[in-house]
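# Descriptive structure summary
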Amino acid sequence: MNDRKCIVTGASGDAQDLLRFVASPTGEVVPDIRNKLPGRGCWVTADRAHVEKAVAKKLFARALKTAVTVPDDFGDMVDRTMVQVALQAVQMARKAGEATSGAMQVDKAVRAGHTLAALHALEAAEDGVRKIDQARRATVHLGGPETLSFRLFTTDQMSFAFAGGNVIHAAVLDGGAGRSAVRRLEQLARYRGDDGLE
């Protein structure tokens, strides 16, 4: 894999902190969120501002050493791709028994110290979010682990990840698949300028 150096800042970094991009067979720049697509890749600091700066300064063609086109809605397209990958990771965690949904289940898991992250739908009522936030703070106060909190997905997207229902609140639990999902959630949140600790 090429040296992971942001084409905007010139700074090197870990794959978690950078996004990889490649040129598609048709010459369009596409995000390689899983870092698995073939061909020459280039890296950009994993937030929207740096991605849009790379577009504005026409840095992709130079870094990829080929003529490329960039979609007009590139920032949104990267976001959509990251959402898809993150939802699939949450889905995998659910299938592995490392994710649960429902306000009561989430509250219970947080207080038991089993959660890595709480997920709230964008449409979630503030009262429901506040109650789970209270559980997060109480758990830390009692010496338990800190639980991240994310509002990244719509109710429909959450429901897709949890195979139906009307999912407003969910939690990712500790475990291999759960940790993998949280890495994707953190990456998406960072892209949107959120640290998951609201």
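In the block above lies the structure referred to throughout.
Presented here is an overview of the structure given in this document. (Residues numbered from 1 in each chain as written. Predicted model: local features only at pLDDT ≥ 70, side-chain atom pairs only at ≥ 80, totals over all residues. Heavy atoms only, no water.)

## Some thoughts on the nonpolar core
- Counting residues in hydrophobic clusters, the biggest one holds 48 residues, and the most contacted among them are Leu 19, Phe 21, Phe 153 and Leu 185.
- Considering each element in turn, this core owes the most residues, 11 residues, to helix α3 (residues 74–95).
- When neighbours within four sequence positions are excluded, Leu 185 is seen to be in contact with Ala 86, Val 90, Leu 119, Phe 150, Leu 152, Phe 153 and Val 172.
- Val 106, Ala 109, Ile 132 and Ala 171 belong to the second largest nonpolar core, which has eight residues in total. (Core = buried A, V, L, I, M, F, W, Y, C linked by side-chain atoms within 4.5 Å. Buried < 20%, exposed > 50% of the residue type's maximum accessible area, 1.4 Å probe, protein only. Helix = DSSP H or I, 4+ residues; strand = E, 2+ residues; numbered from the N terminus. Contact = heavy atoms within 4.5 Å.)

## A word on the side chain of Gln 91
- Position of Gln 91 among the secondary structure elements: in helix α3.
- The class of Gln 91 is buried, set by a relative accessible area of 17%.
- Apart from the residues lying within four places of it in its own chain, the contact partners of Gln 91 are Phe 160 and Ala 161.

## Quick look at the pairing of strand β1 (residues 18–23)
- Burial runs high along β1: five of the six residues are buried.
- By the bridge criterion, five bridges tie β1 to strand β3 (residues 41–45) in an arrangement that is antiparallel. Within the sheet, the bridge partner assigned to Val 22 lies in β3 and is Gly 41.
- Pairing of β1 with strand β2 (residues 29–31), which is carried by three bridges, proceeds in the antiparallel orientation. Looking at the pairing, Phe 21 lines up with Pro 31 of β2.
- Between β1 and β2, which pair antiparallel one after the other, the connecting turn spans five residues, and Gly 27 there sits at a positive phi close to 85 degrees. (Pairing = 2+ DSSP bridges.)

## Comments concerning the pairing of strand β7 (residues 169–173)
- Taken across its five residues, β7 has five buried, putting it largely inside the fold.
- Note that strand β5 (residues 115–120) and β7 share five bridges and pair antiparallel. When the bridges of β7 are listed, Ala 118 appears paired with Ala 171.

## Describing the side chain of Glu 98
- With respect to the helices, strands and loops of the structure, Glu 98 is situated in the loop between α3 and β4 (99–101).
- No salt bridge forms around the buried Glu 98; measuring N to O, its nearest opposite-charge neighbour Arg 179 is 6.8 Å away.
- Of the polar contacts made by the side chain of Glu 98, one reaches the backbone nitrogen of Gly 176; its length is 3.4 Å.
- Beyond its immediate sequence surroundings of up to four residues, Glu 98 is in contact with Ala 93, Ala 171, Val 172, Leu 173, Asp 174, Gly 175, Gly 176, Ala 177 and Gly 178. (Lys, Arg positive; Asp, Glu negative; His and termini not counted. Salt bridge = Lys/Arg side-chain N within 4 Å of Asp/Glu carboxyl O. Polar contact = N/O pair within 3.5 Å; in protein donor to acceptor, adjacent residues only side chain to side chain.)

## Details of helix α7 (residues 176–191)
- An ideal rise of 1.5 Å per residue puts 22 Å on 16 residues; α7 measures up with 23 Å between its terminal C-alpha atoms.
- Every buried residue of α7 is accounted for by Gly 178, Ala 181, Val 182, Leu 185, Gln 187, Leu 188, Ala 189 and Tyr 191.
- Count one or two residues on from α7 and you reach Gly 193, which has phi positive near 85 degrees. (Expected span 1.5 Å × (residues − 1).)

## Here's the deal with the pattern of salt bridges
- The final tally for this structure, using the stated rule, is 12 salt bridges.
- In this structure, the salt-bridge partner of Asp 73 is Arg 80, at a minimum N-O distance of 3.0 Å.
- Taking relative accessible area as the criterion, Asp 73 reaches 34% and is therefore assigned partly exposed.
- For Arg 80, a relative accessible area of 46% puts it in the partly exposed group.

## Observations concerning the sheet that holds β7
- Reading across the sheet, the four strands line up as β4-β7-β5-β6 and stay open at both edges, with mixed pairing between neighbours. Because the sheet does not close on itself, it has two edges, and the strands there are β4 and β6 (148–150). On average, each strand axis in the sheet is tilted by 20 degrees relative to the strand beside it, whichever way the strands run.
- Examined bridge by bridge, β4 and β7 share three bridges and lie antiparallel to one another. Looking at β7, one finds that Thr 100 is bridged to Ala 171. (Axes fitted to C-alpha atoms, helices over the stretch in contact; angles between N-to-C directions.)

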